[in-house]
Amino acid sequence: GINAEYGVAIPDQIDCIEEFALEFIPALKIFEKDMKDIYEDFGSDLIEYVTHYHRLFVSKYKYRCYTEARKILLSESNSSVAVSTVLQTVVEDSAPPTIPPDPCSPLTLSYPKLDHSLHLPEFPVSKRAIDLSRLISKIIHGAASKDLPPEASQSLCDTAGSIAELFQIPSFNPFDETENPGKSARFFCDCWFLSHNLFWEAMQLKDRLHKDNFIGIVCLLRTKGTLSLVNNQKSLIAKIETLLKQIDGLDSRNRENHGMVIEMSFVQMVALVNQFVDAWKPNLPHEYYIKLVVQTLDTILNLITAETLKIQDISATHSTCLSNNFNLLLDQLKKIKSEDISDELDSWTRFKYLIAIMDDSLVKIVEHWENGDLSQYFKSSEVQHLARALFQNTDKNAALRRRITGEIL
């Protein structure tokens, strides 16, 4: 009965607590005293109920926050905002970052300067991640209120952490990370945005709240976001490995029209890479996008090089076929690489030398080995294997192959 009658009077806004304590409770005590004067058996349940108003407030406030968080988490995640953040050291009582209400306007969060290692480059973040970050910030700043006892403050910190943790639950992110490179990239950015803002709030209020409140959540969000992106990249590599298996590696001995089959396989590879790269580029920070593309190109070229090194016998016709297809593949991948990546990749250079081995005579291959060009990218056993596969096993060729020995530094 008391809860039904007076529960509505308990505030669910932090800035109303002081007013409630100063006005409502004294008035209620007077009311109780008057009632005891009239009814001798009138108990003290009423005052005992409101004496714990901090707990009652926290319960109501948490319910409202979870309801709002669920609404945000179930909202559309496709719209995004360009964000640039610098999370730096805390100036005492500095104001939290402001977020413009227009989801289409550019968003820049500026913080006091400390260390470049905490700098986040410009990157897209979904509107729901921004809204959730705003809600979490409000809860944490409320937890730091001087009007709350430590128990209530800690309860609100736990609520903020739980809401942040909800963001990474699959039921609120219903997408297949192996098939949706754009959504995986956006989820990565959202997780890092939330984790960095949690870190910022913890640093900002470290004198009022326990410093370790959000360490576990920050690490969890970063791990989940990174794993989503890594798994997406792995799915691309797995698809490319499947394409290579479908053509028996690069060995032509068991297949007719193998040159055409290899060419079609490489066309499919390039189409797959373009599909993922086109989805990553607008949804990732530029530095992360470059790193992901470099790793992907490295892996693809190393896979093809490894498959080539497995071939036991390469005829002159097949050697020419492989060389032509490898050059065509490089031309296609160059269109992806040249836009953003100026540095030469080791795997790229190694692949070019592999093509050169396919085209050169054994004498030229030995000369390249002895002057140190090949030894930077191939082991002697690998070059010897290619020489055996490409050239007939004559005494002259055997003598040349014996010169390919040891590691030339």
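For the structure, see preceding data.
Predicted, not measured: the structure shown is a model, and the values here were computed from it.

**Some points on helix α13 (residues 362–370)**
Among all positions of α13, only L362, I365, V366 and W369 are buried. All buried residues of α13 lie within an arc of 100° about the axis, which places them on one face of the element. In this fold, the buried residues of α13 make contact with α12 (346–359), α14 (380–390) and α15 (395–402). Directly beyond the C-terminal end of α13, a positive phi value near 90° is found at G372.

**Quick word on the nonpolar core**
Judged by nonpolar contacts, the single largest core of 100 residues is most densely connected at L250, W280, I304 and F326. Not counting residues within four places of it along the chain, the set of residues in contact with W280 comprises P181, A185, L229, N232, Q233, L236, Y289, L292 and T296.

**Thoughts on the packing of aromatic side chains**
Aromatic ring pairs are described here by two measures, namely the spacing of the ring centres and the angle between the planes. All told, the structure shown has seven aromatic pairs when counted by the stated rule. Relative to F187, the ring of F167 lies with its centre 6.0 Å away and its plane at 5°, an arrangement referred to as stacked. One end of the pair, F167, is in the loop between α6 (150–166) and α7 (181–204); the other, F187, is in helix α7, and 20 residues separate them in sequence. One exposure class covers both F167 and F187, and it is buried. Pairing F188 with W192 gives two aromatic rings, centres 6.1 Å apart and planes at 45°, and the pair type is tilted. Within this pair, F188 and its partner W192 are both found in helix α7, separated by four residues, close to a single helical turn. Classification of F188 as buried rests on a relative accessible area of 5%. Among the residues examined, W192 registers a relative accessible area of 19% and is labelled buried. Above the ring of F378, the side-chain terminus of R350 is found at 4.7 Å from the ring centroid.

**Here's the deal with the side chain of N232**
The topology assignment puts N232 in helix α8 (residues 215–246). Beyond its immediate sequence surroundings of up to four residues, N232 is in contact with E177, T178, E179, N180, P181, S184, F276 and W280.

**Notes on the pattern of salt bridges**
Enumeration according to the criterion identifies six salt bridges in this entry. The partner of E179 in a salt bridge is K239, with the nearest N and O atoms 3.2 Å apart. With E179 in the loop between α6 and α7 and K239 in helix α8, this pair connects stretches of sequence that are 60 residues apart. Look at E179 and you get partly exposed, because its relative accessible area is 45%. Between E382 and R350 there is a salt bridge; the shortest N-O distance is 3.2 Å. With a gap of 32 residues between them, E382 in helix α14 and R350 in helix α12 connect regions that are remote in the sequence. Comparing E382 with R350, the two get one shared label, buried. Overlapping salt bridges bring together K127, D131 and R134 as one network.

**Quick look at the packing of α7 against helix α9 (residues 258–280)**
With their axes 8 Å apart at the nearest point, α7 and α9 run at an angle of 35° to one another. Crossing of α7 against α9: the hand is right-handed. Where α7 abuts α9, its residues P181, G182 and A185 lie against Q275, F276, A279 and W280. Of the residues assigned to the contact of α7 with α9, the class counts are five nonpolar, two polar and no charged.

**As for the environment of V273**
Along the chain, the position of V273 falls in helix α9. Put simply, V273 and T296 are 23 residues apart on the chain and 8.3 Å apart in space, counted from C-alpha to C-alpha. Those residues in contact with V273 that sit more than four places away from it in its chain are L236, I240, I300 and I336.

**Let's talk about the packing of α8 against α9**
One can describe the packing of α8 onto α9 by two numbers: an axis separation of 9 Å at closest approach and a directional angle of 170°. With respect to each other, α8 and α9 are oriented roughly antiparallel. Note on element contacts: α9 touches α8 through S265, Q268, M269, L272, V273, F276 and W280, opposite L229, N232, Q233, S235, L236, K239, I240, L243 and L244. Residue composition of the contact of α8 with α9, grouped by class: ten nonpolar, five polar and one charged.

**As for the environment of Q246**
Mapped onto the elements of the fold, Q246 is located in helix α8. What makes Q246 partly exposed here is its relative accessible area of 48%.

What counts as what
Residues numbered from 1 in each chain as written. Predicted model: local features only at pLDDT ≥ 70, side-chain atom pairs only at ≥ 80, totals over all residues. Heavy atoms only, no water. Buried < 20%, exposed > 50% of the residue type's maximum accessible area, 1.4 Å probe, protein only. Helix = DSSP H or I, 4+ residues; strand = E, 2+ residues; numbered from the N terminus. Arc of directions from axis to C-beta. Contact = heavy atoms within 4.5 Å. Core = buried A, V, L, I, M, F, W, Y, C linked by side-chain atoms within 4.5 Å. Phe/Tyr/Trp six-rings, centres within 6.5 Å; stacked < 30°, edge-to-face > 60°. Lys NZ or Arg CZ within 6 Å of the ring centre and 35° of its normal. Salt bridge = Lys/Arg side-chain N within 4 Å of Asp/Glu carboxyl O. Axes fitted to C-alpha atoms, helices over the stretch in contact; angles between N-to-C directions. Left-handed = near helix turned anticlockwise from the far one by under 90°. Nonpolar A, V, L, I, M, F, W, Y, C, P; charged D, E, K, R; others polar. Parallel < 35°, antiparallel > 145°, perpendicular 65-115°, else oblique.

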